[in-house]
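Spelled out from the first residue to the last, the chains are:
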Amino acid sequence: MDTIQKQKKSFFSGLTGQILIAMILGAILGIILHNSISTEAAQSFSNKIKMLATIFIRLVQMIISPLVFTTLVVGIAKLGDIKTVGRIGGKALGWFFTASFISLLIGLFYVNILEPGVGIKLGNVDMGAASEVTAKTQNLSFENFVEHIVPKSIIEAMATNEILQIVIFSIFFGLAAASLGATVKPVIGALDKMSHIVLKMVNYVMNFAPIGVFGAIAGVFAVRDAEELLITYFKFFGSFLLGIGTLWVVLIAVGFIFLKGRMIELLKRITGPLAIAFGTTSSEAVFPKLTEELESFGVKDRIVSFMLPLGYSFNLDGSMMYMTFASIFIAQFYNVHLDLGTQMVMLLVLMLTSKGIAGVPRASLVVVAATCGMFDIPVEGIALILPIDHFCDMFRSATNVLGNALATSVVGQWEADKE
């Protein structure tokens with residue numbers, strides 16, 4: 001009995017318990033205010049309370065660049081040669097593209113079987129609200145894809161948190177350092193110590209996570225009538241949750257195949273990061289904490305530092321599933337017929353275009369809008385899903401975290417088996 005009470009106490013005093021309590025309190029406060037004050041006052045409150053989430057996310061963002069650079073350079077220097085980096089990179093990209101393809105297929109399957117956009121009636125859709133998203137689609141091109149891979153300045157890449165660009169620079173820096181051997185050991189040692197300092201900062205920053213989650217949830221519920229939204233979008237949201245649920249089952253099943261019983265330990269370790277991503281709708285917000293948890297899980301630091309930054313650009317499973325689902329939902333709403341061949345081409349287009357916009361705000365919606373334009377689906381249809389997008393984003397952000405944690409852990413085990 002005492003053991004059970006201690007477990008309950010430790011849960012509610014731990015980060016995950018605090019985040020869940022913050023989510024509940026934030027939702028209660030938001031709902032009360034939504035039903036008791038004017039729309040203008042609720043909007044003003046929402047803008048102010050969301051600053052708590054903004055502060056937390058900015059605190060996380062300030063440590064992502066130095067964390068990625070220091071850990072990745074040290075990790076590559078420890079790997080020692082281009083052959084090892086190429087082997088791990090090949091495994092990583094193979095996993096990422098396979099997972100992305102499966103995620104897209106799941107979205108394609110459910111949107112065609114359940115047809116959430118057929119016969120749906122949505123009144124008072126604010127088409128103007130989509131302009132912010134559709135304006136960004138002009139930047140979605142092959143040139144933009146290249147720009148998001150190759151940095152012209154590492155300082156600029158760090159200033160804007162372009163993770164993929166930092167990864168490219170760090171790979172070159174790490175390989176060059178490894179080739180110079182013992183002469184650069186002091187530099188690598190200094191970067192190693194710096195990475196430990198940054199990881200210590202993570203512990204301080206994570207203390208703000210419940211406050212940030214509280215602000216994010218309260219701000220949304222203050223301006224959104226959640227009950228009305230879920231009723232209006234019941235078919236869309238229900239179908240989406242079924243798709244995300246299926247993706248979770250697939251990911252966890254794959255985890256048990258490769259990690260066996262250790263998958264349970266992995267799920268326990270990433271509960272906190274999953275809760276933070278769910279509450280803040282930002283998988284980026286948990287990058288430092290996820291790094292720490294995966295190393296504690298037993299994945300070597302050089303693997304974590306290599307895999308996670310790549311995963312955040314190439315392995316966003318929840319977002320991938322949502323992209324096919326949302327694109328074809330809009331087509332169904334406007335009665336735009338897409339045969340299976342066209343849908344498969346759309347799927348391949350999404351596989352490529354989604355890789356070129358890492359770091360773009362509301363990236364999933366930008367890709368959906370651009371894809372609609374390519375296949376003659378009204379781009380303004382993005383406004384149809386904007387009202388419910390925040391709630392969908394909570395689930396897809398958490399799914400992205402699960403996918404990256406699993407990919408890093410499995411590749412880490414493959415490499416451990418080779419040693």
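Residues numbered from 1 in each chain as written. Predicted model: local features only at pLDDT ≥ 70, side-chain atom pairs only at ≥ 80, totals over all residues. Heavy atoms only, no water.

The name given to the protein chain in an unreviewed UniProt entry is Dicarboxylate/amino acid:cation symporter, with the source organism recorded as Flavobacterium chungangense.

Notes on the overall build of the protein chain
Tallying secondary structure elements over the protein chain gives 20 helices and zero strands in all. Contacts spanning at least 24 positions in sequence make up 87% of the contacts within the protein chain whose residues lie at least 6 apart. A total accessible area of about 18,500 Å² is found for the protein chain, and carbon and sulfur atoms account for 66% of it. (Helix = DSSP H or I, 4+ residues; strand = E, 2+ residues; numbered from the N terminus. Contact = heavy atoms within 4.5 Å. Areas by Shrake-Rupley, 256 points an atom, 1.4 Å probe, with all protein chains shown as cover.)

Considering the pattern of salt bridges
As enumerated under the stated definition, the model contains eight salt bridges in all. Note that Glu 415 is salt-bridged to Lys 91, the shortest N-O span being 2.7 Å. Taken together, the positions of Glu 415 in helix H20 (residues 382-418) and Lys 91 in helix H4 (residues 82-114) put the pair 324 residues apart, joining distant regions of the chain. For Asp 389, the salt bridge goes to Arg 396, with nearest N and O atoms at 3.1 Å. What makes Asp 389 buried here is its relative accessible area of 3%. A residue is classified by how much of its surface remains accessible, and Arg 396, at 3% relative accessible area, is buried. If you follow the salt bridges from partner to partner, you end up with Glu 265, Arg 269, Lys 289, Glu 292 and Glu 293 in one network. (Salt bridge = Lys/Arg side-chain N within 4 Å of Asp/Glu carboxyl O. Buried < 20%, exposed > 50% of the residue type's maximum accessible area, 1.4 Å probe, protein only.)

What to know about the packing of aromatic side chains
Within this structure, the stated rule accounts for 19 aromatic pairs. With a centroid separation of 5.2 Å and 85° between ring planes, the pair formed by Phe 333 and Tyr 334 is classed as edge-to-face. Taking the ring centre of Phe 297 as reference, the NZ or CZ of Arg 262 above it sits at 4.0 Å. The ring of Tyr 322 carries Arg 396 above its face, with NZ or CZ at 4.1 Å from the centroid. (Phe/Tyr/Trp six-rings, centres within 6.5 Å; stacked < 30°, edge-to-face > 60°. Lys NZ or Arg CZ within 6 Å of the ring centre and 35° of its normal.)

Remarks on the nonpolar core
Counting residues in each nonpolar core, the largest one holds 120 residues, and the members touching the most others are Phe 56, Phe 236 and Phe 391. Of the residues forming this core, the biggest block, 16 residues, is contributed by H20. Not counting residues up to four positions away in its chain, the partners in contact with Phe 236 are Pro 116, Tyr 322, Phe 325, Phe 329, Ile 385, Ile 388 and Cys 392. (Core = buried A, V, L, I, M, F, W, Y, C linked by side-chain atoms within 4.5 Å.)

With respect to the packing of helix H3 (residues 39-79) against helix H10 (residues 209-223)
The N-to-C vectors of H3 and H10 enclose an angle of 155°; their axes lie 7 Å apart at closest approach. Relative to H10, the element H3 is oriented roughly antiparallel. Where H3 crosses over H10, the handedness of that crossing is left-handed. Listed contacts from H10 to Ala 42, Gln 43, Phe 45, Ser 46, Ile 49, Lys 50, Leu 52, Ala 53 and Phe 56 of H3 are Ala 209, Ile 211, Gly 212, Phe 214, Gly 215, Ala 216, Ala 218, Gly 219, Val 220, Ala 222 and Val 223. (Axes fitted to C-alpha atoms, helices over the stretch in contact; angles between N-to-C directions. Parallel < 35°, antiparallel > 145°, perpendicular 65-115°, else oblique. Left-handed = near helix turned anticlockwise from the far one by under 90°.)

A short note on the environment of Ser 65
If you trace the backbone, Ser 65 turns up in helix H3. With 96 residues separating them along the chain, Ser 65 and Asn 161 place their C-alpha atoms 6.1 Å apart. With residues up to four places along the chain from it excluded, the contact list for Ser 65 reads Met 158, Asn 161 and Ile 166. A polar contact is formed between the side chain of Ser 65 and the backbone oxygen of Met 158, at a distance of 3.0 Å. (Polar contact = N/O pair within 3.5 Å; in protein donor to acceptor, adjacent residues only side chain to side chain.)

Description of unusual backbone geometry
Despite not being glycine, Glu 115 shows a phi value in the positive range, around 45°. The residue Glu 115 is located in the loop between H4 and helix H5 (131-134) in this model. Taking relative accessible area as the criterion, Glu 115 reaches 38% and is therefore assigned partly exposed. A positive phi angle, near 55°, is found at Thr 281, a position not held by glycine. The residue Thr 281 is located in the loop between helix H14 (271-280) and helix H15 (287-297) in this model.

A few points about a nonpolar patch on the surface
A surface patch of nonpolar side chains, amounting to about 450 Å² of accessible area, comprises Ile 21, Ile 24, Leu 25, Ile 28 and Ile 32. With respect to the helices, strands and loops of the structure, Ile 28 is situated in helix H2 (residues 15-36). (Patch = residues over 30% accessible without salt bridge, like charges linked within 9 Å, V, L, I, M, F, W, Y side chains within 5 Å.)

A short note on the packing of H2 against H14
At a minimum axis separation of 8 Å, H2 and H14 run at an interaxial angle of 25°. Compared by their axis directions, H2 and H14 come out roughly parallel. H2 and H14 meet at a crossing whose hand is left-handed. Across the interface between the two elements, Leu 15, Thr 16, Ile 19 and Met 23 from H2 touch Thr 271, Gly 272, Ala 275, Ile 276, Phe 278 and Gly 279 from H14. By residue class, the composition of the contact of H2 with H14 is six nonpolar, four polar and no charged. (Nonpolar A, V, L, I, M, F, W, Y, C, P; charged D, E, K, R; others polar.)

Notes on the confidence of the model for the protein chain
Residues shown with low pLDDT carry predicted positions that ought not to be read at fine detail. Looking at the protein chain, the pLDDT average stands at 84 and 87% of residues meet or exceed 70. A low-confidence stretch, residues 1-9 (pLDDT under 50), is modelled with zero contacts involving residues beyond four sequence positions or located in other chains. (pLDDT = per-residue confidence, 0-100.)

A closer look at the UniProt feature "transmembrane region" (unreviewed entry) in the protein chain
With numbering matched to this structure, UniProt assigns "transmembrane region" (unreviewed entry) to residues 12-35, 55-80, 92-113, 163-184, 204-224, 236-259 and 365-386. Across residues 92-113, helical content stands at 100% and strand content at 0%; the span's end C-alpha atoms are separated by 32 Å. Between the first and last C-alpha atoms of residues 204-224 the distance is 32 Å; the span itself is 86% helix and 0% strand. (UniProt positions renumbered as here; feature names shortened; annotations may be inferred.)

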